[in-house]
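Overview (structure and organization)
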Amino acid sequence: MINNLIYIYRLFPKSIWKLTLLQILFVARTTFFTTNRTVGDYSIASSSSSAIVLLVIILSIYVILNNYRYFRQANRIISKLVIFYLVCVGSLVWAGVHIVIIFKALEVFCNIYLMYIIASKIGNTRLLLIYIIVLSTIMTYLDVINSMRLFGFGFHHTNSYSMSAMIGFLLCLQAKRYNLLSSKEANIFMILNLLAIIGGTSSATYISFIAGLILVYSSNKKGFNFGKILFVSFLTVIIYHLFSDIIFEFIFQGKSQQDIETGTGRSAIFEASINSWRDSPILGHGYIIGERNLGEYGLGINVLSTHNSYLSVLVDTGIVGLFFFLNYLISWVYNLLKKSSKNVYAAILLPVVIACSINCLSFPAIGADWTYVGSLIFLMYIMTNLYMNNNTIKS
């Protein structure tokens, strides 16, 4: 195992690992330097070190300026993603100039461009795939270790590291299927990420993960077989009905019937989010601002997040923001689907992207303020646009 990890480490130049250390600082900012607290029935997190945030943003800007040509390329190659977040910044016009909008948007942009610089410097589609697998595992276990620090040894319930682990596992499984990684190279990452998926006990991730697996095994080098998707889905339904009690207990372990029906309290947050959106349907209440004021729309307390990417966009930037967000997301999925019969990497990414889109119904990995899971999604989008748009790569 150690030899395999050393082999993986040596695949990338030291400059990539230096940039990765900067990304790890971002992750540490949202884990080791964040205070978890409870407001009413809801758990929220708030940063306890503004100095750390400023440090990583300043370092990122320094890196971006030193790699300015990549910055210019990114604005053209991943323009749909950049435009959406520019709309978020533009909410300053109708929401008023709030420091939090500038601050949170700057953090997201720093991560997007940092991921673009890393992807460009790697310069190889296969190596970038391996890098995303490795980075997802690193991020997952930084959060796992932080959870152990806070709550004791073992895995603990989360909506974040279970999702990053899902990305790492599904990509690794696909890389193994298409002979881009040997079993010996892939197994350690598959085991580590599978443990985190199970240990995270996130029902949303379990459901997204099952959907991802169905899509994985409904595809091959010739692309996706919709007949196979229907067959595997039908088989899944039969298995569910035969073993529903066991499956139900596993997916929703530790949750009461009321928890399940309300999404562990999310239904109240979702209802407040819809009320907030109806109050300003076209433009929303401003990036981040809308989410932080849900207490005014029937929730009674402010929980800082809608717990749903799509609702976050609606509340913060309204129908205008949702148009640009869906333009980025749907065009990406369509692009992968169109290329999946010609490009093995499109076939690898598509199930993972769809699984993430489903998981975003319960965890705002993208569309809201920055999360480390969002950086993994940015990397997959960059990989699609930077390396795959003009290629027909088969394994």
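Here's what I pulled together on the structure shown here. Small disclaimer: the values here were computed from a predicted structure and weren't measured.

**So, the overall build of the chain**
In terms of helices and strands, the chain carries 18 helices and 4 strands. Within the chain, contacts between residues separated by at least 24 positions form 76% of all contacts whose residues are at least 6 apart in sequence. Surface summary for the chain: the accessible area is close to 17,200 Å², and the carbon and sulfur share equals 64%.

**Topic: the packing of helix α8 (residues 125–151) against helix α18 (residues 372–388)**
The contact between α8 and α18 brings their axes to 10 Å, and the two run at 175°. Taken together, the axes of α8 and α18 are roughly antiparallel relative to one another. Contacts from Thr125, Leu128, Leu129, Tyr131, Ile132, Leu135, Ser136, Met139 and Asp143 in α8 reach Tyr372, Ser375, Leu376, Leu379, Met380, Met383 and Tyr387 in α18. Partitioned by chemical class, the residues of the contact of α8 with α18 number 12 nonpolar, 3 polar and 1 charged.

**Some words on the environment of Thr201**
Note that Thr201 resides in the loop between α10 (183–199) and α11 (203–216). Along the sequence, Thr201 and His157 sit 44 residues apart, while their C-alpha atoms lie 5.3 Å from each other.

**Side note on the pattern of salt bridges**
Counted according to the given criterion, the structure contains 2 salt bridges. Arg29 is paired through a salt bridge with Glu107; the nearest N and O atoms lie 2.4 Å apart. One end of the pair, Arg29, is in helix α2 (residues 14–30); the other, Glu107, is in helix α7 (residues 99–122), and 78 residues separate them in sequence. When its relative accessible area of 6% is taken as the criterion, Arg29 is described as buried. Note on Glu107: relative accessible area 0%, which makes it buried. Residue Asp369 pairs with Lys104 through a salt bridge whose shortest N-O separation is 3.8 Å.

**As for empty space enclosed by the protein**
The full count for this structure, using the stated rule, is 1 cavity of 30 Å³ or more. Its boundaries defined by the atoms lining it, the largest cavity holds a volume of some 50 Å³. In terms of lining residues, the largest cavity is bounded by Tyr310, Leu329, Trp332, Val353, Cys356, Ser357, Cys360, Ile366 and Ile377. Of all the secondary structure elements, the ones that give two or more residues to the lining of the largest cavity are α16 (309–339) and α17 (344–359).

**Describing helix α5 (residues 79–90)**
With 12 residues, α5 extends 16 Å from end C-alpha to end C-alpha; this agrees with the ideal 16 Å at 1.5 Å per step. Considered for burial, the residues of α5 that qualify are Leu81, Val82, Phe84, Tyr85, Val87 and Cys88.

**Comments concerning the packing of aromatic side chains**
Here the structure, examined in full by the defined rule, presents 21 aromatic pairs. With a centroid separation of 4.8 Å and 70° between ring planes, the pair formed by Phe84 and Tyr85 is classed as edge-to-face. Arranged with centres 5.9 Å apart and planes meeting at 70°, the rings of Tyr310 and Phe325 form a pair that is edge-to-face. No difference in accessibility class separates Tyr310 from Phe325, as the two residues are buried. Clustering of aromatic rings is evident, with ring pairs tying together Tyr68, Phe71, Phe84, Tyr85, Phe109, Tyr113, Tyr310, Phe325, Tyr328, Trp332, Phe378 and Tyr381.

**Considering a nonpolar patch on the surface**
Together, Val93, Trp94, Ile282, Leu283 and Ile319 give the surface a local cluster of nonpolar side chains, amounting to about 460 Å² of exposed area. Take Val93: it is sitting in helix α6 (residues 92–95). Classification of Val93 by relative accessible area gives exposed; the value is 73%.

Basis of the calculations
Residues numbered from 1 in each chain as written. Predicted model: local features only at pLDDT ≥ 70, side-chain atom pairs only at ≥ 80, totals over all residues. Heavy atoms only, no water. Helix = DSSP H or I, 4+ residues; strand = E, 2+ residues; numbered from the N terminus. Contact = heavy atoms within 4.5 Å. Areas by Shrake-Rupley, 256 points an atom, 1.4 Å probe, with all protein chains shown as cover. Axes fitted to C-alpha atoms, helices over the stretch in contact; angles between N-to-C directions. Parallel < 35°, antiparallel > 145°, perpendicular 65-115°, else oblique. Nonpolar A, V, L, I, M, F, W, Y, C, P; charged D, E, K, R; others polar. Salt bridge = Lys/Arg side-chain N within 4 Å of Asp/Glu carboxyl O. Buried < 20%, exposed > 50% of the residue type's maximum accessible area, 1.4 Å probe, protein only. 1 Å grid on protein atoms, 1.4 Å probe; cavity = no way out; pocket = protein on both sides within 12 Å on 5 of 7 lines; lining within 4 Å. Points joined across faces, edges and corners; volume = space filled by probe spheres on them. Expected span 1.5 Å × (residues − 1). Phe/Tyr/Trp six-rings, centres within 6.5 Å; stacked < 30°, edge-to-face > 60°. Patch = residues over 30% accessible without salt bridge, like charges linked within 9 Å, V, L, I, M, F, W, Y side chains within 5 Å.

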